[in-house]
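# Structural overview for review
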Amino acid sequence: IDYIHFLHKEKKKQEEEVSVLRKEVMALKIMKTNYEHIVKAHQNQPQQGEDQVSDQVKFSIFQNIMDSLFVSFSNSVAMSSFQELSACVFSWIEEHCKPQVKMVLDGCCTKQKSDINLQDD
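Residue numbers restart at each chain and count upward from 1, following the sequence in its written direction. Reporting of local features is limited, given that this is a predicted model, to residues whose pLDDT is at least 70; pairs of side-chain atoms are given and counted only at 80 or more, and all residues count toward the totals for whole chains, interfaces and linings. Heavy atoms throughout the structure, all of them, feed into the side-chain values; hydrogens and water do not.

Where we set the bar: UniProt positions are given in the numbering used here, feature names are shortened, and annotations may be inferred rather than shown by experiment.
Under an unreviewed UniProt entry, the protein chain has the name MLX protein and belongs to Characodon lateralis. A UniProt comment under Subcellular location (unreviewed entry) is attached to the protein chain, and it reads "Nucleus".

Printed below as a string of structure tokens:
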């Protein structure tokens, strides 16, 4: 009888895990759909030849953004256990990947613009 109760508890835990996973899958599908819409919208916009940015400039901007984010990530996230890592990552995302991303982007774009202006001079 104890074993049957144990099995019922395990079954309930597994059903809860399945429910959580289903919700995550649904959320990921929604995110995927949203990103597909964004991609389609960008593909449908005609590109003007003179306004295009070189791949090197794009990469440089991307690199500056990622470098800035990694510095804050490295300083904020502890990795002594998976549980601590998970908690720190969620906290870091809340602190650094919402309003601060706009500031990071502005700073990186400004830096890139000044770098381009220096190269042109």
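### Things to note about the UniProt feature "coiled-coil region" (unreviewed entry) in the protein chain
Threshold: What counts as a helix is a DSSP run of H or I of at least four residues, what counts as a strand is a run of E of at least two, and both are numbered from the N terminus.
On the UniProt side, "coiled-coil region" (unreviewed entry) is annotated at positions that read residues 4-31 here. As annotated, residues 4-31 has a helix share of 100% and a strand share of 0%, and its two end C-alpha atoms lie 40 Å apart.

### Notes on the confidence of the model for the protein chain
Going by this rule: Per-residue confidence from the predictor is given as pLDDT, running between 0 and 100.
Across the protein chain, the average pLDDT comes to 79, with 77% of residues at or above 70. For the protein chain, per-element mean pLDDT is lowest for helix H4 (residues 99-120), which scores 65, and highest for helix H1 (residues 2-44), which scores 88.

### Quick look at the nonpolar core
The cut-off we apply is this: We define a nonpolar core as any set of buried Ala, Val, Leu, Ile, Met, Phe, Trp, Tyr and Cys residues linked to one another through side-chain atoms lying within 4.5 Å. In this scheme, a residue with accessible area under 20% of its type's maximum is buried, one over 50% is exposed, and one in between is partly exposed, where area comes from a 1.4 Å probe on protein chains only.
Core analysis: the biggest nonpolar cluster contains six residues, these being Ile65, Leu69, Phe73, Val77, Cys88 and Trp92. With three residues, helix H2 (residues 55-76) is the largest single contributor of residues to this core.

### Here's the deal with the pattern of salt bridges
Our working rule: Any Lys or Arg side-chain nitrogen located within 4 Å of an Asp or Glu carboxyl oxygen qualifies as a salt bridge.
The tally for this structure, following the rule as stated, stands at three salt bridges. For the salt bridge of Lys13 with Glu10, the shortest nitrogen-to-oxygen distance reads 3.8 Å. Here the residue Lys13 and the residue Glu10 both occupy positions in helix H1, the gap between them amounting to three residues, near one helical turn. When its relative accessible area of 46% is taken as the criterion, Lys13 is described as partly exposed. Assessed through its relative accessible area of 27%, Glu10 is described here as partly exposed.

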